[in-house]
Amino acid sequence: MEASMQRFTRSSYTFWLILLITFGFIYIARTHLNHIFGGMLELMIAVGGFFLLIVQLRNNHKITKAEFIYSLNNTFNDNDEIRYIYGKLKAIRDSKSDEKFSEEDSRRMGDYIMFFEIMDYLISQKMIPISLVDRIFANKFFIFMHNPCVQAYQLKYTGINQPIIDLYVRWYNY
């Protein structure tokens, strides 16, 4: 969190510094140069400053997206219930055994499901594109959805889990 605040602060300082320098050059051009040359210089400085601001805003947007995906991944990895279910899913996948989830395990899936329901909401509301989460979370989502035990338990509750099914269709077609 501290690192993101430092980046935000540095970005803000850069933004305001560019803006201040641009207005300073415009002021100097306006007060000290003749009218025609000063007007052209003023226009060039304003256009240059505008492009620098656009570049800065774009960089800030990229940093914000990176921080968001990092935070989302930390949320997934810091939740004990999610970690437990994901670990069990990987163990079942890797062992190719007939190991199943217990009734208790099935109840512990709630946080895992809720995490992806929130992701479905963010994607369906166009707050984040699916391409942003695909590389990091596709395996975590599809290992869950393709597990026969999960399907047997969770499909009993399709009314409750409809957002997960919607996300599956959207993501699978992506």
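Residues numbered from 1 in each chain as written. Predicted model: local features only at pLDDT ≥ 70, side-chain atom pairs only at ≥ 80, totals over all residues. Heavy atoms only, no water.

Here we take up the confidence of the model for the protein. In this model, the protein carries an average pLDDT of 81, and 83% of its residues clear a pLDDT of 70 or more. Ranking the helices and strands of the protein by mean pLDDT puts helix α6 (residues 130-145) first, with 92, and helix α1 (residues 2-32) last, with 68. (pLDDT = per-residue confidence, 0-100. Helix = DSSP H or I, 4+ residues; strand = E, 2+ residues; numbered from the N terminus.)

Glancing now at the packing of helix α3 (residues 80-95) against α6. For the pair α3 and α6, the least separation of the axes is 10 Å and the interaxial angle reads 70°. Relative to α6, the element α3 is oriented roughly perpendicular. Crossing angle aside, the handedness with which α3 passes α6 is left-handed. Of the residues in α6, those touching α3 at Ile85, Tyr86, Leu89, Lys90 and Arg93 are Asn139, Lys140, Ile143 and Phe144. Here the contact of α3 with α6 is composed, by residue class, of five nonpolar, one polar and three charged. (Axes fitted to C-alpha atoms, helices over the stretch in contact; angles between N-to-C directions. Parallel < 35°, antiparallel > 145°, perpendicular 65-115°, else oblique. Left-handed = near helix turned anticlockwise from the far one by under 90°. Contact = heavy atoms within 4.5 Å. Nonpolar A, V, L, I, M, F, W, Y, C, P; charged D, E, K, R; others polar.)

Pairs of packed helices are described in terms of their axes, by the angle between the two and the distance that separates them. Helix α8 (residues 162-173) packs onto α6 with a crossing angle of 120° between their chain directions and a minimal axis gap of 11 Å. Regarding the angle of α6 to α8, the classification is oblique. As α6 runs across α8, the sense of the crossing is left-handed. Of α8, the residues touching α6 (which contributes Ile130, Val133, Asp134, Phe137, Ala138, Phe141, Phe142 and Met145) are Ile164, Leu167, Tyr168, Arg170, Trp171 and Tyr172. Partitioning the contact of α6 with α8 into residue classes produces twelve nonpolar, no polar and two charged.

Here we come to α3. For α3, built from 16 residues, the straight-helix expectation of 22 Å at 1.5 Å per residue is met to within 8% by its first-to-last C-alpha distance of 22 Å. Between the side-chain oxygen of the N-cap and the backbone nitrogen of Glu81 there are 2.9 Å, and the N-cap of α3 in question is Asn79. Count one or two residues on from α3 and you reach Lys96, which has phi positive near 50°. (Expected span 1.5 Å × (residues − 1). Polar contact = N/O pair within 3.5 Å; in protein donor to acceptor, adjacent residues only side chain to side chain.)

This paragraph deals with unusual backbone geometry. One non-glycine residue with positive phi stands out, namely Lys126, at about 60°. Counting through the fold element by element, Lys126 comes out in the loop between α5 (110-124) and α6. Take Lys126: its relative accessible area is 74%, and that puts it in the exposed class. (Buried < 20%, exposed > 50% of the residue type's maximum accessible area, 1.4 Å probe, protein only.)

With that out of the way, let us pick up the pattern of salt bridges. Where side chains of opposite charge bring their charged atoms close, a pairing between them can arise. Applying the stated criterion across every chain, the model contains five salt bridges. Between Asp80 and Arg83 there is a salt bridge; the shortest N-O distance is 2.5 Å. Of this pair, Asp80 and Arg83 both sit in helix α3, three residues apart, which is roughly one turn of that helix. Residue classification places Asp80 among the exposed positions, given a relative accessible area of 51%. We note a salt bridge from Glu81 to Arg108, for which the minimum N-O separation is 2.7 Å. In this pair, Glu81 sits in helix α3 while Arg108 sits in the loop between α4 (103-107) and α5, placing the two residues 27 residues apart along the sequence. With relative accessibility at 26%, the residue Glu81 sits in the partly exposed group. Take Arg108: its relative accessible area is 25%, and that puts it in the partly exposed class. (Salt bridge = Lys/Arg side-chain N within 4 Å of Asp/Glu carboxyl O.)

Here we take up the nonpolar core. With 33 residues, the main nonpolar core has Tyr112, Phe116, Met119, Val133, Phe137, Phe144 and Trp171 as its most contacted residues. Among the secondary structure elements, those contributing two or more residues to this core are α2 (35-78), α3, α5, α6, α7 (148-154) and α8. By residue number, the principal contributor to this core is α6, which donates ten residues. What Phe116 contacts, discounting residues up to four positions off in sequence, is Phe76, Phe137, Lys140, Phe141, Ile164, Leu167 and Trp171. (Core = buried A, V, L, I, M, F, W, Y, C linked by side-chain atoms within 4.5 Å.)

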